[in-house]
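Spelled out, the chains give:
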Amino acid sequence: MFADKSQIRRRTRKARHERIRKNLAGTPDRPRLCVRRSLNHIYAQIIDDQNGRSLLQITSQSPEVRKLAAEKAKTDISKEVGRLLAVQALEKGIKDVVFDRGGYSYHGRVKAVAEAAREAGLNF
C-alpha cells in the first residue's frame, strides 16, 4: 500500500531520467556518455542510439580500474573510470559526446566521472 523511501527515490530518479532522455540521444557523430551508479560501483558507457550499439564501456569492476584504484575512495575510483573511458574513446576516434547523467544529480561520483573525462580530452 505505502512505498518506502527507497522505492520513492528510485521512482523519482527514473522519472527524471525519462524526462531527460526525451530530448537527449547519441548519434554516430556524437554518441551518448551514460553514467549509472550503485551503492558500491559506477558504470560508464558510450552509446550510439541511432544504431543501437554500445561503443565502449568501463566500470569500477574492470580489471584496469581495480589495479589503479585499490583501497581508494569511491569518488577517486569514479575519476579513474572517467579518465580511462576518455582515453579509450580517444583511441577509437570519439572526441565529442553528449553527457547523460541518468537522472542522478550532477554531484559527487557522477560529477567526478564527467570532470575526469573532460580533463582527459572528451568534449561535452
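Nothing here was measured: the structure is a model prediction, and the numbers come from that model.

Draft legend 1. Fine view of the nonpolar core. Core analysis: the biggest nonpolar cluster contains 25 residues, and Leu33, Ala44, Ile46, Ile58, Val65 and Leu85 have the highest contact counts within it. Elements represented by at least two residues in this core include exactly strand 1 (32-37), strand 2 (42-48), strand 3 (53-59), helix 3 (74-91) and helix 4 (109-119). Of all the elements, helix 3 adds the most residues to this core, at 6 residues. Apart from the residues within four sequence positions on either side, Leu33 is in contact with Ala44, Gln45, Ile46, Leu85, Val97, Val98, Phe99, Asp100 and Phe124.

Draft legend 2. Summary view of the packing of helix 3 against helix 4. In contact at an axis separation of 7 Å, helix 3 and helix 4 are set at 35° when each is read in the N-to-C sense. The element helix 3 and its partner helix 4 pack so that their crossing is right-handed. On helix 4, the residues that touch Lys74, Thr75, Ser78, Lys79, Gly82, Arg83 and Ala86 of helix 3 are Arg109, Ala112, Val113, Ala116 and Ala117. In terms of residue class, the contact of helix 3 with helix 4 is made up of 5 nonpolar, 3 polar and 4 charged.

Draft legend 3. Here's a closer look at the packing of aromatic side chains. For the structure shown, the criterion picks out 2 aromatic pairs. Ring geometry for Phe99 against Tyr106: centres 6.2 Å apart, planes inclined by 85°, an arrangement best described as edge-to-face. Relative accessible area serves as the criterion here: at 35%, Tyr106 is assigned to the partly exposed category. Each ring, one from Phe99 and one from Phe124, has its centre 5.3 Å from the other, and the planes form 15°; the classification is stacked. Placement of Phe99 in strand 4 (residues 98-100) and of Phe124 in the segment after helix 4 is noted, with a sequence separation of 25 residues between them. Given a relative accessible area of 17%, Phe99 falls into the buried group. Here Phe124 falls in the partly exposed class, since its relative accessible area comes to 27%.

Draft legend 4. Spotlight on the pattern of salt bridges. Within the structure shown, the criterion is met by 5 salt bridges. Residue Glu80 pairs with Arg83 through a salt bridge whose shortest N-O separation is 3.0 Å. In this pair, Glu80 and Arg83 are both assigned in helix 3, 3 residues apart and thus about one turn of the helix distant. Given the relative accessible area of 15%, Glu80 is considered buried. Judged by relative accessible area, Arg83 falls into the partly exposed class, the value being 33%. The salt bridge partner of Glu115 is Lys111, with a shortest N-O separation of 4.0 Å. One end of the pair is Glu115 and the other is Lys111, both in helix 4 and 4 residues apart, which spans about a single turn. Accessibility expressed as a relative area gives 35% for Glu115, which makes it partly exposed. The partly exposed category is assigned to Lys111, whose relative accessible area is 33%. Linked by salt bridges that have partners in common, Arg21, Arg32, Asp49 and Asp100 make up one network.

The rules behind each value
Residues numbered from 1 in each chain as written. Predicted model: local features only at pLDDT ≥ 70, side-chain atom pairs only at ≥ 80, totals over all residues. Heavy atoms only, no water. Core = buried A, V, L, I, M, F, W, Y, C linked by side-chain atoms within 4.5 Å. Buried < 20%, exposed > 50% of the residue type's maximum accessible area, 1.4 Å probe, protein only. Helix = DSSP H or I, 4+ residues; strand = E, 2+ residues; numbered from the N terminus. Contact = heavy atoms within 4.5 Å. Axes fitted to C-alpha atoms, helices over the stretch in contact; angles between N-to-C directions. Left-handed = near helix turned anticlockwise from the far one by under 90°. Nonpolar A, V, L, I, M, F, W, Y, C, P; charged D, E, K, R; others polar. Phe/Tyr/Trp six-rings, centres within 6.5 Å; stacked < 30°, edge-to-face > 60°. Salt bridge = Lys/Arg side-chain N within 4 Å of Asp/Glu carboxyl O.

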